[in-house]
Structure formats: structure tokens, C-alpha cells
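Below, each chain spelled out in residue letters.
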Amino acid sequence: MTIKPLIILPDPILRQVSQPVEQVDSEITRLADDMLETMYDAPGIGLAAIQIGVPRRLLVIDVSKEDEDNSPLVFINPQIVASSDERSVYEEGCLSIPDYYAEVERPAAVTVDYIDREGKQQTLQADGLLATCLQHEIDHLNGVLFIDHISRLKREMVIKKFTKAARARA
């Protein structure tokens, strides 16, 4: 397994819409393993393939608590098929927008269809932090960032800050 470099805002790659995974093979399972290692190293609770520069519809999540064993989840071609009317607010962050957090309101529960790492079609009903994380990561697959769910003023300030930092690194 390999820790991959993370794509950081304002890199335009983050705005790409990811393409479906055609088949689950050793390349995809290796990518999922690398993504999990990268996510744990960061550390984070979710990672979409686009965040390491791979525009494929693949994401990994682990919302286990620090004192629990890891419970990695792999979602290939995930699709939200239902969401609750009830809403919840979580303070979200993103490995591609380091050290910035904001409260985001999303549906409190979602139903997601996906393919697992063995290539089997699955359906998962999620609520709480897992539901929020799934929505956040599926947004990445569609070129959407969590800052797109906050006010325009705050979003523009964040983008300006990260653009300035990117110029300073260049």
C-alpha cells in the first residue's frame, strides 16, 4: 500500500466529475487500499479518489472512533437513492482544504446504492456521521466541495486564502 499525495484547493482537478468504475479488479482494490492508507495517514474519515488525482467514482470511509478498531468501508460507483427530509448540521472539514472547518446542513439520513470491493451490488442506509461523510465524499465525485454549501462570502474568502497559499508554494 502506498500513501498518495493529496490534491489541495484551488487545484481544478477537485472540480472534475469522476467517471464510473467499469469493473472491480486488482487495480481498483489496490487503489482502494492506497486511499485507505492515505486517509488514515492524513488523518481523515473519508477520501474520494479525485482527492488523490484519480477521477474515478470510488471513495473510502471509516467513521470508527479513536478507541475502536478500524472499520474501513469502500464504495464503488456510489449513488444516493433516497435522503431524509430531516436535516442535521455537522462541522465539516476536508483533507483537500486543510485546517478549514464549517458547519454544513445536509439530510440526516441517506440510502446509498454502491458496489463493494468484491464487486457485489449493495445498499446501505446511513444516518449520523456516516450519512454526512457519504454525502460529503459523493459530492467530491461530482466536483462539489463542502465549501459550496456555505455562504458565498465565506466560500470566496476560503478560495482566496488557498489560492494565495498555492502561489506562495509555487
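Looking at an unreviewed UniProt entry, one finds the protein named Peptide deformylase, with Pseudorhizobium halotolerans as its source organism. What UniProt records for the protein under Sequence similarities (unreviewed entry) is the sentence "Belongs to the polypeptide deformylase family." A UniProt comment under Catalytic activity (unreviewed entry) is attached to the protein, and it reads "N-terminal N-formyl-L-methionyl-[peptide] + H2O = N-terminal L-methionyl-[peptide] + formate".

Description of the environment of V74
Residue position: V74 is located in strand β3 (residues 73-83). Along the backbone, V74 and M35 are 39 residues apart, and their C-alpha atoms lie at a distance of 9.6 Å. Setting aside chain neighbours within four positions, we find V74 in contact with A32, L36, L58, L59, V60, Y114, I115, D116 and R117.

Re the nonpolar core
Counting 16 residues, the largest nonpolar core has M35, L47, L58, V60, V74 and I76 as the members making the most contacts within it. Among the elements that make up this core, the one with the highest residue count is helix α1 (residues 26-41) (six residues). The residues contacting L58, other than those within four sequence positions of it, are I28, L31, A32, M35, L47, A48, A49, V74, F75, I76 and L141. Core analysis: the second largest hydrophobic core is formed by 15 residues, I50, L59, C133 and I138 among them.

Describing α1
Taking 1.5 Å per residue as the helical rise, α1 with its 16 residues ought to reach 22 Å, and the 22 Å between its terminal C-alpha atoms agrees with that figure. Taken together, the buried positions of α1 are I28, T29, L31, A32, D34, M35, L36, T38 and M39. On its buried side, α1 packs onto β1 (46-48), β2 (58-61) and β3. A distance of 3.2 Å separates the backbone nitrogen of E27 from a side-chain oxygen at the start of α1, and that oxygen is part of D25.

Side note on the packing of aromatic side chains
Counted according to the given criterion, the structure contains two aromatic pairs. Where F75 meets Y114, the ring centres are 4.5 Å apart and the plane angle is 55 degrees; that geometry is what we call tilted. Here the residue F75 occupies a position in strand β3, and Y114 occupies one in strand β6 (residues 109-115), the gap between them amounting to 39 residues. Residue classification places Y114 among the buried positions, given a relative accessible area of 12%.

Rules used throughout
- Residues numbered from 1 in each chain as written.
- Predicted model: local features only at pLDDT ≥ 70, side-chain atom pairs only at ≥ 80, totals over all residues.
- Heavy atoms only, no water.
- UniProt positions renumbered as here; feature names shortened; annotations may be inferred.
- Helix = DSSP H or I, 4+ residues; strand = E, 2+ residues; numbered from the N terminus.
- Contact = heavy atoms within 4.5 Å.
- Core = buried A, V, L, I, M, F, W, Y, C linked by side-chain atoms within 4.5 Å.
- Buried < 20%, exposed > 50% of the residue type's maximum accessible area, 1.4 Å probe, protein only.
- Expected span 1.5 Å × (residues − 1).
- Polar contact = N/O pair within 3.5 Å; in protein donor to acceptor, adjacent residues only side chain to side chain.
- Phe/Tyr/Trp six-rings, centres within 6.5 Å; stacked < 30°, edge-to-face > 60°.

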